[in-house]
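Fold and contact review
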Amino acid sequence: MQKCPGATLFVIVVATGLATWLFSLIISHAVRIIIDENGEASWIIRFIFTILGYATVFLPCYVLIHLSRRHNLHTLGGCQWRLLRLILTGTTSEIVAETDGSVSGTVRPSNSESKSLYKKAISLCYCCVGLQVSYLLWGILQEKIMTREYADGDKTERFTDSQFLVFVNRILAFLFSGIYLLLTHQNIHRTPLYKYSFCSVSNTLSSWCQYEALKFVSFPTQVLAKSAKVIPVMLMGKLVSRAQYKNYEYATAVLISVGMTAFLLGSGGDKKGNNVTTASGALLLCGYLIFDSFTANWQSALFKEHKPSSIQMMCGVNLMSCLFTSASLIQQGGFFYSLSFAARHPIFIMDCLLTAISSALGQLFIFATISKFGPVVFTIIMTVRQGLSILLSCLLYKHHLSEMGILGVFIVFLAIFLRIYYAQQHKKRKLDATDASASKV
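Model, not experiment: these values are computed from the prediction.

Things to note about the overall build of the chain
The number of helices and strands found in the chain is 14 helices and two strands. Looking at the chain as a whole, 46% of its 441 residues qualify as buried. Taking the intrachain contacts of the chain between residues at least 6 apart in sequence as the baseline, contacts between residues at least 24 apart amount to 84%. For the chain, the exposed area adds up to about 23,100 Å²; of that, 69% sits on carbon and sulfur atoms.

Observations regarding the packing of aromatic side chains
By the definition in use, this model includes 21 aromatic pairs. Seen from their ring centres, Phe47 and Trp208 are 5.6 Å apart, and the 50° between their planes marks the pair as tilted. In this pair, Phe47 sits in helix 2 (residues 42-70) while Trp208 sits in helix 6 (residues 193-213), placing the two residues 161 residues apart along the sequence. Given the relative accessible area of 23%, Phe47 is considered partly exposed.

Considering the packing of helix 6 against helix 10 (residues 279-306)
Contact geometry for helix 6 and helix 10: axes closest at 8 Å, N-to-C directions at 155°. When the interaxial angle is binned, helix 6 and helix 10 end up roughly antiparallel. Helix 6 and helix 10 meet at a crossing whose hand is left-handed. Grouping the amino acids of the contact of helix 6 with helix 10 by side-chain chemistry returns 14 nonpolar, nine polar and four charged.

Details of the pattern of salt bridges
In total, this model carries seven salt bridges according to the counting rule given. Note that Asp351 and Lys144 form a salt bridge whose closest N and O atoms lie 3.1 Å from each other. Note that Asp351 is positioned in helix 13 (residues 346-397) and Lys144 in helix 4 (residues 117-147), a separation of 207 residues in sequence. Overall, the relative accessible area of 26% leaves Lys144 in the partly exposed class. For the salt bridge of Arg419 with Glu249, the shortest nitrogen-to-oxygen distance reads 3.7 Å. Highlighted residues: Arg419 in helix 14 (residues 403-440) and Glu249 in helix 9 (residues 247-266), separated in sequence by 170 residues. Glu249 matches Arg419 in its accessibility class, with the two residues each being buried.

A short note on the state of the cysteines
Enumeration over the complete set of coordinates arrives at zero disulfides. This cysteine, Cys127, is not joined by any disulfide, and Cys128 carries the nearest cysteine sulfur, 8.7 Å off. Cysteine Cys209 is unpaired, with the sulfur of Cys286 as its nearest cysteine sulfur at 9.8 Å.

Structural notes on unusual backbone geometry
Located in the positive-phi region is Lys307, a residue other than glycine, with phi close to 55°. You can see Lys307 is positioned in the loop between helix 10 and helix 11 (310-332).

A closer look at the environment of Phe348
When you line up the elements, Phe348 lands in helix 13. The sequence separation of Phe348 and Tyr150 amounts to 198 residues, and the corresponding C-alpha distance is 7.9 Å.

What to know about the environment of Gly266
By secondary structure assignment, the location of Gly266 is in helix 9. Assessed through its relative accessible area of 6%, Gly266 is described here as buried. Considering only alpha carbons, one finds Gly266 and Leu401, 135 residues apart in sequence, at a separation of 6.3 Å. Residue contacts for Gly266: discarding those within four places in its chain leaves His400, Ser402, Met404 and Gly405.

Brief notes about the confidence of the model for the chain
Taken residue by residue, the chain gives an average pLDDT of 78. The fraction at 70 or more is 79%. Residue range residues 269-276 is modelled with pLDDT below 50. Its contacts to residues more than four positions away, or to other chains, number 22 contacts.

Section: the nonpolar core
Membership of the largest hydrophobic core comes to 56 residues, with the highest contact counts inside it found for Leu131, Ile145, Leu224 and Phe348. Setting aside residues up to four positions removed in sequence, Leu224 forms contacts with Met260, Phe263, Ile390, Val409, Val412 and Phe413. With 13 residues, the next largest nonpolar core counts Tyr54, Val57, Met313 and Val317 among its residues.

Considerations on the side chain of Ser338
Relative to the assigned elements, Ser338 resides in helix 12 (residues 334-344). Excluding anything up to four places from it in sequence, Ser338 contacts Phe159, Asp161, Phe164 and Phe348.

Regarding a nonpolar patch on the surface
A cluster of nonpolar side chains, namely Ile380, Val384, Leu388, Leu391, Leu395, Leu396 and Phe417, defines an oily patch on the protein surface of about 580 Å² accessible area. When residues of the nonpolar patch are assigned to their parent elements, the largest contribution, six residues, is made by helix 13. Following the sequence through the fold, Leu396 ends up in helix 13. Residue Leu396 is classed as partly exposed on the basis of its relative accessible area, which comes to 47%.

Here's the deal with helix 5 (residues 162-183)
The first and last C-alpha atoms of helix 5 sit 32 Å apart over 22 residues, in line with the 32 Å expected at 1.5 Å per residue. Turning to helix 5, its buried residues number three or more, namely Ser162, Gln163, Phe164, Leu165, Val166, Phe167, Val168, Asn169, Arg170, Leu172, Ala173 and Ser177. By the N-cap criterion, in which a side-chain oxygen at the helix start approaches the backbone nitrogen of a residue two or three places on, helix 5 is capped by Asp161, the distance to Gln163 being 3.1 Å.

Looking at the environment of Ile179
Mapped onto the secondary structure, Ile179 falls in helix 5. Given the relative accessible area of 48%, Ile179 is considered partly exposed. Taking C-alpha positions, Ile179 is 9.5 Å from Cys315, a pair spaced 136 residues apart along the chain.

What counts and how
Residues numbered from 1 in each chain as written. Predicted model: local features only at pLDDT ≥ 70, side-chain atom pairs only at ≥ 80, totals over all residues. Heavy atoms only, no water. Helix = DSSP H or I, 4+ residues; strand = E, 2+ residues; numbered from the N terminus. Buried < 20%, exposed > 50% of the residue type's maximum accessible area, 1.4 Å probe, protein only. Contact = heavy atoms within 4.5 Å. Areas by Shrake-Rupley, 256 points an atom, 1.4 Å probe, with all protein chains shown as cover. Phe/Tyr/Trp six-rings, centres within 6.5 Å; stacked < 30°, edge-to-face > 60°. Axes fitted to C-alpha atoms, helices over the stretch in contact; angles between N-to-C directions. Parallel < 35°, antiparallel > 145°, perpendicular 65-115°, else oblique. Left-handed = near helix turned anticlockwise from the far one by under 90°. Nonpolar A, V, L, I, M, F, W, Y, C, P; charged D, E, K, R; others polar. Salt bridge = Lys/Arg side-chain N within 4 Å of Asp/Glu carboxyl O. Disulfide = S-S within 2.5 Å. pLDDT = per-residue confidence, 0-100. Core = buried A, V, L, I, M, F, W, Y, C linked by side-chain atoms within 4.5 Å. Patch = residues over 30% accessible without salt bridge, like charges linked within 9 Å, V, L, I, M, F, W, Y side chains within 5 Å. Expected span 1.5 Å × (residues − 1). Polar contact = N/O pair within 3.5 Å; in protein donor to acceptor, adjacent residues only side chain to side chain.

In structure tokens:
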């Protein structure tokens, strides 16, 4: 097979990147002519710009991977090919050694059985408080940054670049997870870096939609919409995979729909501009649910195929997210705008840093809680957190909720707890039936 020289490969990749960048500039100017940048639909322009910014990284990487595989460049020796080998195979070593650890590599459960009930209770309280504090702080600051005005003397202005907030969150999460990996023992990494890019794009876009939605809907509406994502997941499962669901799953999905409807009708009296639910807000929330569902499914597939630890997954996804968001910010001038805004409003710097730190710490607490106590306990803690987030948001930012709106919130969270309870009961009955059949044999 004819070899492709490294210099030629470099020129092709750079040329692809420049061509993509020029094409994105042309499309950007065309979109600006069609859509009003100051109108309610201006988020469509920002969304297109964001996608084009990601493409300037995604397409050159695709060309690099395609040509490298075609010419077997990742099999060559020498340090100059180590990065390429890491992208294509997930390791810089030519031979991946087997390790005799657990799959996750994030915890060492050898001592878990010997822990006393007291120590487990302390550990549970630690995880619960960590999750509540980090994500409650994250939610409050997220709403403040995207919906409140920052004062500069007699002038007031709002921060509008959601992409910059995503970038700050991702780079802090990458640093936190990277430091954790350096300080702890992990299994050998086997996941090709390029495979993280798919869920990285969907993850950053879901966060972008989440921030943008706050410009059109209230924070309580956003939280309840996120709580109701089980409905589109069930619909997609029914349509795409022909999945079968239990009666309690249908019943709780209907309850969530009823609760969401009651909440939206009950909060319709809120006349503060940004808090009125609009078509743009609804579309952005739908975008969040779609991208978030794809992220979860893709990560699940990576866990099954390559078995990375949770922290390795966190580090890899956030690394790719930093590349995508930084490229998009450079192309749109987002860094200049955000840093200028920060220079005019120093308190904004503190808000951004606290948001990023709380988000990164929250991710670490998520992994710790699931690994020690399982997904059910984690789901209950996070459901409580969502309820507290709505309560805090209404108290701090004066969101109006009528009796019907409060009833809607109660119905949604009741449905979620019922879903958890019946899922556990179903699992228990299944295990009992398995044990009974085994004893007969």
